[in-house]
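Residues per chain, in single letters:
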Amino acid sequence: MTTETVSKKSLLTPFNVITGLILVMGAALTVWRFGWGIGAVTNLDNNNPWGLWIGFDLLCGVVLAAGGFVTSSAVYLFGMKKHHAAVRPAILTAFLGYLFVVIALQYDLGRPWRLPYPFVVQSGTTSMLFEVGLCVALYLTVLFLEFSPAALEWLGLKRLRNLIHKLTIALTIFGVVLSTLHQSSLGALYIIAPAKLHPLWYSTYLPTFFFISAIAAGLSMVMLEGWLTHKPLHDKMSEEYLAQHDDLYFGFAKGASFVLMGYFFIKVIGIAVDNEWNLLGTGWGQWFLFELLGFVLLPSVLYAIGTREKNLKLIRWTSLLTVLGIILNRLNVSVIAFNWHLPSEMRYVPSWQEIGVTVFVCTMLVVTFKFIATRMPIFYDHPEYKDEH
Amino acid sequence: MKRRNFLGLMGAAGVSATLATKAQAGGNVHFEGYPGSRGVLFDATRCIGCRKCEIGCNEVNNLAKPEKPFTDLTVLDTARRTENEAYTVVNKYDQEGGAPVYRKIQCMHCLEPSCASACFVAAFAKQPSGAVTYDESVCVGCRYCMIACPFEIPTYTYDDPITPKVIKCDLCDANIKAGKISVPGCVNSCPKEALVYGEREELLKIARNRIGANPDKYIDHIYGEREVGGTSWLFISGVPFSEIGLREDLGVTSGPELNSGALSVVAMVPALWPLLLAGVYGITRRTDKINTQEKADAVAQAITETQDKANSDMKAAMERARNDKEATVKREVAKALEEAAKAAEEGDVEKEEEGA
Ligand code: SF4
Ligand code: SF4
Ligand code: SF4
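In this report, we go over the structure that sits alongside the text. Position numbers for residues count from 1 along each chain, tracking the sequence in the order it is written. Ligands are numbered from 1 and chains lettered from A, in the order in which they are written. Totals for whole chains, interfaces and linings use all residues, but because this is a predicted model, local features are given only for residues with pLDDT of at least 70 and pairs of side-chain atoms are given and counted only at 80 or more. The basis for every side-chain value is the complete set of heavy atoms in the structure, and neither hydrogens nor water enter the calculation.

1. Description of the overall build of chain B
Each helix corresponds to a stretch of at least 4 residues labelled H or I by DSSP, and each strand to a stretch of at least 2 residues labelled E; elements are numbered beginning at the N terminus. Scanning chain B from terminus to terminus reveals eight helices and nine strands. Any residue under 20% of the maximum accessible area for its type is buried, any over 50% is exposed, and the rest in between are partly exposed; the area is computed with a 1.4 Å probe on protein chains only. Across the 356 residues of chain B, 44% fall into the buried class. Of the contacts formed within chain B by residues at least 6 apart in sequence, a portion of 59% connects residues at least 24 apart. Each accessible area is a Shrake-Rupley result for a 1.4 Å probe, and residues are judged covered by the shown protein chains and nothing else. Counting only carbon and sulfur atoms, one obtains 55% of the accessible surface of chain B, whose full area is about 18,900 Å². Here, residues are in contact when the closest pair of their heavy atoms is within 4.5 Å.

2. A few points about the pattern of salt bridges
Take a side-chain nitrogen of Lys or Arg and a carboxyl oxygen of Asp or Glu: if they are within 4 Å of each other, that pair is a salt bridge. The final tally for this structure, using the stated rule, is 14 salt bridges over all chains. Between Arg111 of chain A and Glu136 of chain B there is a salt bridge, and its shortest N-O distance comes to 2.8 Å. With Arg111 of chain A in the loop between α6 (87-108) and α7 (117-120) and Glu136 of chain B in the loop between β5 (132-134) and α4 (144-148), this pair bridges two chains. Owing to a relative accessible area of 5%, Arg111 of chain A belongs among the buried residues under this scheme. The exposure class assigned to Glu136 of chain B is partly exposed, which follows from its relative accessible area of 30%. Shared partners join several salt bridges into a network, and the residues in it are Arg88, Glu153 and Arg161 of chain A.

3. Observations regarding helix α10 (residues 168-188) of chain A
Any helix carries an expected span of 1.5 Å times its number of residues minus one. Between the first and last C-alpha of α10 of chain A there are 30 Å, a value that for 21 residues agrees with the 30 Å anticipated at 1.5 Å per step. Counting buried positions along α10 of chain A yields 18 of 21 residues, so the element is predominantly enclosed.

4. Describing the pairing of strand β2 (residues 89-95) of chain B
For β2 of chain B, a buried count of five out of seven residues is recorded, marking the element as mostly surrounded by other parts of the structure. Here, a strand pair is defined by DSSP locating no fewer than two bridges between the strands. Where β2 of chain B hands over to strand β3 (residues 98-105) of chain B, the hairpin turn is made up of two residues, of which Gly97 of chain B adopts a positive phi near 60 degrees.

5. Considerations on the interface of chain A and chain B
Taken together, the 59 residues of chain A in the interface contact 62 residues of chain B. For the chain A and chain B pair, buried surface summed over both sides reaches about 5,100 Å², with 62% attributable to carbon and sulfur atoms. Once two parts are joined, some of their accessible surface, as seen by a 1.4 Å probe, is lost; buried area is that loss totalled over both. It is Asn46, Thr126 and Ile192 of chain A that lose the most area in chain A upon contact with chain B, and together they represent 16% of the buried surface on that side. Counting the contacts that link chain A with chain B gives two salt bridges. Arg143 of chain B is the salt-bridge partner of Asp108 of chain A, the closest N and O atoms lying 3.0 Å from each other. Those elements that place two or more of their residues in the side of chain A that touches chain B are α2 (14-36), α3 (38-41), α5 (67-77), α7, α8 (128-155) and α10 of chain A.

6. A few points about the pairing of strand β8 (residues 195-199) of chain B
Residue and element names in this part refer to chain B. Most of β8 is tucked away: four of the five residues are buried. As paired strands, strand β1 (residues 38-43) and β8 are joined by five bridges and run antiparallel to one another. In the strand pairing of β8, Phe42 is matched with Leu195.

Below is the structure:
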């Protein structure tokens, strides 16, 4: 779909109307939040200093953007070259994912304009959050550079584009290092709070859990996204992208199946090391098993079946199941099983405004993605650079 | 461990010692506390729940007066926690068949504070005086310190859109350093001497003596001596600590110690990952190259083979053609000869016939 045809069509499509309403609501909430303070719009309190904005916007946002480093390293470092057409969509999603994570964070920070303080005023190097902040800031830059060739091709800035293109491998390696660090550091944030996080989710292996599940999330997100963008952006996709598409599914599904199985095993080891078998019988234990069996073991098996039977439909639905499972896990760690020891009237439930801001941020992400993907060479090669990969 | 050793180790561990301009904020190794640092001993057997300490704290810190006056003791009927306007609160714990027990809570001033090791701008500092202080001027408002504090002490001014900040008891450090008071406000206003301010080492001795002199009256444990690595506030009680709202499942490991494992791995990733990945990339490229080479070789060989075959085919064909030609010529010659012979014969016969 080209810009001309868009403007000729009526702008009052259901998509545009709903998007418009959400953006208006988001603008109002933004004024409310920054004019009247965090307390005016959230259910956060002294017992529950972190809510949906950290649990979903930050933790889920970052893990679901893992598709960028997973795809670029699979293609450039691990030799899955034939899937190179999948790199750009994945990098774009990751870049926008991180960008909007940082934007969402502005709502949650008490004094967001001080965000650079840890790097320019005073550094708390013992803090896991310092680790996270530093890596996310650097990685956002890396992603910007990785994404920029698409924008530069669009703008016709050849020389700069070629210069950055030469850095591909270095950027990919740097991206993997930074992703490893902050994906795991996000889990490590909770290591300091053994008294607050339920023992079934608390583990000294939290960083490893977060990192391994990020790989599964990254692989699954690439598949899920391919599925979701297939229809609306079909005519923007090159034949090469489409031709590799099914094959990519089988490759990534196989990988995700193995990774999820490994994740399942280390989660079990986590229980064994802390000897928490007896806790599995409690209500929390059932909730834990629901997550572990229904959203880790099951998708691992389904992916394996899907690859074996070359069942595209099964693989697609499994990618959705996996992504939902990872979201459930991050919410369990940050909100649901966090502060489990508090009486129910002191527990946190997000306010509608918090949910509203989250929906607002996600909508902005989708709109921006659509804007870029319909204009820049994302799903296809720019004709002038077709042969160099 | 001596402070000098401590800092030396910190340096060796490569953590904040060089970066932190403030007093040590909490690091990677176990820290026994600054020598001569001060704290407070709270004796739950002496506390009568009069809330005078709350008044004292409110006054020295110029806090807003609460809705219900401090003299209203019905406030004690509901469990309370520290709030923005109350750095300390006293709670009542009913006992079966006995008088209720009261317990004051405020920042414990941990020896190795979790809040300090959690803060990414090092806004908290464990002072040599014993106090854990907070510096509002750098605070970004991430509230990770509140997540990290095992005693759920720090509070946040959520309703302030411009200058929200973390709030907690500072052991009256600012006021004492300014010379306004010499003893914390709460300690000063306690009518029952349930609170004693002094050097932590001394407080531990006093606590041990009290327990030793009255073993039936006290639980044989000083809460805060080792909990989460030790705290500057110490508690002794006649009933189990978990019954007066002090968690006994916090363990003796400090926040910084919990973190140290994960932090040490952090250094490994940038050190090793690039090399491993570069290696993998190298292997991939090598494999690619070998593959390409093999492919090229195969193609070349195929070409040579085809060419050879073509050549030999050609040769064979030529040979065959030559042979064929020879054969044809021979055959033709033979044929011609035969025909000639036949013709001659026929000529003879005709002649004979003619002649007959
Ligand atoms: S009690 Fe909490 S706020 Fe006080 S020093 Fe310890 S960790 Fe920090
Ligand atoms: S809220 Fe302020 S003091 Fe607390 S960890 Fe964040 S920056 Fe540090
Ligand atoms: S030490 Fe000072 S700030 Fe802390 S509770 Fe007592 S009076 Fe309040």
